[in-house]
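Working through the structure, step by step
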Amino acid sequence: MPKAPPQQPPYPVINPDPTVQTCLNALRFTDYLTIGGATAGSWAYGYIFGKPVRGPTAATAATIGFTFGVLYTSQAALARFLGYQENAKEVKKYGLYETQPGPSDYEGKPLGSHYYNQPINWTKN
């Protein structure tokens, strides 16, 4: 399968390697609304179409909706940290990464390779 060519992020990079906790701490109010909307919408769908056992079906659907909402908004927060989505609020809160990538960092390299090209030390000294 062909891969898309890497592209330079249109917005400044805040953190090239954020943790999951960092992404969850950086959720915006609209991200919480997305999680709540996905959960509520899934619960309603499960209740409406789960005729014989509405309660358990609605609860299961709400769990699936909540999982989708969290994963979707975490992905959006990650994109903001990496500079692929608008990130003015995060720049004010967390600041910029000290070395911003340039166009030469993306030519002929897989996405993200300019951040992970340090050798791995397999032994602890």
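Before reading on, note that the structure itself is shown above.
The rules behind these values
Once a new chain begins, its residue numbering starts again from 1 and follows that chain's sequence as written. Confidence filtering applies because this is a predicted model: local features only for residues at pLDDT of at least 70, side-chain atom pairs given and counted only at 80 or more, and all residues used for totals across whole chains, interfaces and linings. Excluded from the side-chain calculations are hydrogens and water; all other atoms, namely the structure's heavy atoms, are used. Helix and strand definitions here come from DSSP, where helices need a minimum of 4 consecutive H or I residues and strands a minimum of 2 consecutive E residues; each element is numbered from the N-terminal end. Each residue is assigned to one of three classes by its accessible area relative to the maximum for its type, calculated with a 1.4 Å probe on protein chains only: buried under 20%, partly exposed between the two thresholds, exposed over 50%. Note on definitions: a residue-residue contact is assigned when non-hydrogen atoms from the two residues lie within 4.5 Å. Surface exposure here means Shrake-Rupley accessible area, sampled with a 1.4 Å probe, where a residue is shielded only by the protein chains that are shown. What makes a patch is a set of residues exposed beyond 30% relative accessible area and free of salt bridges, joined within 9 Å when like-charged and within 5 Å when nonpolar (Val, Leu, Ile, Met, Phe, Trp, Tyr). Think of a salt bridge as a Lys or Arg side-chain nitrogen and an Asp or Glu carboxyl oxygen that are within 4 Å of each other. Only the stretch in contact is used when fitting a helix axis, every axis being a line fitted to C-alpha atoms; angles between N-to-C directions are given from 0 to 180 degrees. Should an angle fall under 35 degrees it is called roughly parallel, over 145 degrees roughly antiparallel, and 65 to 115 degrees roughly perpendicular, with every other angle called oblique. Two helices crossing with the near one rotated counterclockwise from the far one by less than a right angle form a left-handed crossing, whereas a clockwise rotation gives a right-handed crossing. For this classification, the nonpolar set comprises Ala, Val, Leu, Ile, Met, Phe, Trp, Tyr, Cys and Pro, the charged set comprises Asp, Glu, Lys and Arg, and every other residue, Gly included, is treated as polar. Helix span, expected: 1.5 Å multiplied by one less than the number of residues in the helix. Side-chain rings of Phe, Tyr and Trp (the six-membered ring for Trp) are treated as a pair once their centres are within 6.5 Å; stacked means planes under 30 degrees apart, edge-to-face means over 60, and tilted covers the remaining angles.

**Here we look at the overall build of the protein**
- Per the secondary structure count, the protein includes 4 helices and 0 strands.
- Ordered by position in the sequence, the α and β elements of the protein form the string α-α-α-α.
- Taken over 125 residues, the protein has a buried fraction of 29%.
- A separation of at least 24 residues holds for 75% of the contacts in the protein among residues at least 6 apart in sequence.
- For the protein, the accessible surface area stands at approximately 9000 Å², while carbon and sulfur atoms represent 64% of it.

**Details of a nonpolar patch on the surface**
- A contiguous nonpolar patch, built from W43, Y45, Y47, I48 and F49 and spanning about 610 Å² of accessible area, is present on the exposed surface.
- Mapping F49 onto the fold places it in helix 2 (residues 29–49).

**Quick look at the packing of helix 2 against helix 3 (residues 54–82)**
- Close contact between helix 2 and helix 3 brings their axes to 7 Å; oriented N to C, the two are set at 155°. Here helix 2 is positioned roughly antiparallel relative to helix 3, judged by the angle of their axes. For helix 2 against helix 3, the interelement crossing comes out right-handed.
- Within the contact of helix 2 with helix 3, the residues separate by chemical class into 13 nonpolar, 8 polar and 3 charged.

**Here we look at helix 3**
- Look at helix 3: 42 Å from first C-alpha to last across 29 residues, which is about the 42 Å you get at 1.5 Å a residue.
- All buried positions along helix 3 are accounted for by A58, A61, A62, G65, G69, T73, S74, A76, A77, A79, R80 and F81.
- Where helix 3 is buried, its residues contact helix 1 (20–25), helix 2 and helix 4 (88–94).
- Downstream of helix 3 by a residue or two, G83 has a phi angle that is positive, lying close to 90°.

**Some thoughts on the packing of aromatic side chains**
- As enumerated under the stated definition, the model contains 4 aromatic pairs in all.
- With a centroid separation of 5.6 Å and 25° between ring planes, the pair formed by F68 and Y72 is classed as stacked. With F68 and Y72 both in helix 3, this residue pair falls 4 residues apart, about one helical turn.
- Y72 sits in the partly exposed class, given a relative accessible area of 46%.
- Geometrically, the ring pair formed by F81 and Y94 is tilted, given 5.3 Å between the ring centres and 55° between the ring planes. Here F81, found in helix 3, pairs with Y94, found in helix 4; they are 13 residues apart in sequence, far enough to count as distant.
- In this structure F81 comes out as buried when scored by relative accessible area, which is 1%.
- Owing to a relative accessible area of 36%, Y94 belongs among the partly exposed residues under this scheme.

**Digging into the side chain of N87**
- Here N87 lies in the loop between helix 3 and helix 4.
- Apart from residues no more than four positions distant in its own chain, N87 is found in contact with Y11, P12, I14, R28 and R80.

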